[in-house]
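# A closer look at the structure
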Amino acid sequence: HHERWDGHGYPRGLKGEEIPLPARILAVADTYDAMTEDRVYRKGMSREIAIEEILRNRGTQFDPDVADLFVEALQEYEQSQRLTS
């Protein structure tokens, strides 16, 4: 999940659809989790800023389709949570 959509990742420098789909999905999910959770060295950022960062890096760091679907699913989930609370 350290490969990048643009081919500048590691360990093998895979690009685009050469990267296995599960790794492309994990890259987005892991990044979102890393950005929004508190760490000993920093406070987690807001959901909105994390989403902006994912969308800003779609097509370079992330598979654009996976990034879009992740953000859409996250927003739908949060909307459903608001409706049930």
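Our structure is the block above this text.
Residues numbered from 1 in each chain as written. Predicted model: local features only at pLDDT ≥ 70, side-chain atom pairs only at ≥ 80, totals over all residues. Heavy atoms only, no water.

Scanning the protein chain from terminus to terminus reveals three helices and zero strands. Beginning at the N terminus, the succession of helices and strands in the protein chain can be written as α-α-α. Across the 85 residues of the protein chain, 32% fall into the buried class. Counting contacts in the protein chain only where the partners sit at least 6 residues apart, residues at least 24 apart contribute 37% of the total. (Helix = DSSP H or I, 4+ residues; strand = E, 2+ residues; numbered from the N terminus. Buried < 20%, exposed > 50% of the residue type's maximum accessible area, 1.4 Å probe, protein only. Contact = heavy atoms within 4.5 Å.)

Here the focus is the packing of helix α2 (residues 47-56) against helix α3 (residues 64-84). Two quantities define a packed helix pair, namely the angle between the helix axes and the distance between the axes. Closest axis-to-axis distance for the α2/α3 pair is 9 Å, and the angle between their directions is 160 degrees. Relative to α3, the element α2 is oriented roughly antiparallel. Between α2 and α3 lies a crossing of left-handed hand. Residues R47, I51, I54 and L55 of α2 form the contact with α3, whose participating residues are A67, D68, F70, V71, L74, Q75 and E78. (Axes fitted to C-alpha atoms, helices over the stretch in contact; angles between N-to-C directions. Parallel < 35°, antiparallel > 145°, perpendicular 65-115°, else oblique. Left-handed = near helix turned anticlockwise from the far one by under 90°.)

What follows is about the nonpolar core. In this structure, A27, V28, Y32, M35, A50, I51, I54, F62, V66, A67, V71 and L74 together form the largest nonpolar core, which totals 12 residues. Broken down by secondary-structure element, the contributors of at least two residues to this core are α1 (21-36), α2 and α3. Excluding residues within four positions of it along the chain, V71 makes contact with I51, I54 and L55. (Core = buried A, V, L, I, M, F, W, Y, C linked by side-chain atoms within 4.5 Å.)

What follows is about the packing of α1 against α3. Contact geometry for α1 and α3: axes closest at 10 Å, N-to-C directions at 50 degrees. By the angle between their axes, α1 is oblique relative to α3. As for how α1 packs across α3, the hand of that crossing is right-handed. Contacts from L21, R24, I25, V28, A29 and Y32 of α1 reach α3 at V66, A67, F70, L74 and E78. For the contact of α1 with α3, the per-class residue count stands at nine nonpolar, no polar and two charged. (Nonpolar A, V, L, I, M, F, W, Y, C, P; charged D, E, K, R; others polar.)

Moving on: unusual backbone geometry. Most peptide bonds take the trans form, and the phi angle of most residues other than glycine is negative. In this chain, Y10 is followed by P11 through a cis amide linkage whose omega measures 15 degrees. Checked against the element boundaries, P11 lands in the segment before α1.

A word on empty space enclosed by the protein. The final tally for this structure, using the stated rule, is one cavity of 30 Å³ or more. One number sums up the size of the largest cavity: a volume of about 50 Å³. Together, H1, E3, R4, W5, I19, A23, R24, A27, Q61, F62 and D63 line the largest cavity. Residues of the lining of the largest cavity, tallied by class, amount to five nonpolar, two polar and four charged. (1 Å grid on protein atoms, 1.4 Å probe; cavity = no way out; pocket = protein on both sides within 12 Å on 5 of 7 lines; lining within 4 Å. Points joined across faces, edges and corners; volume = space filled by probe spheres on them.)

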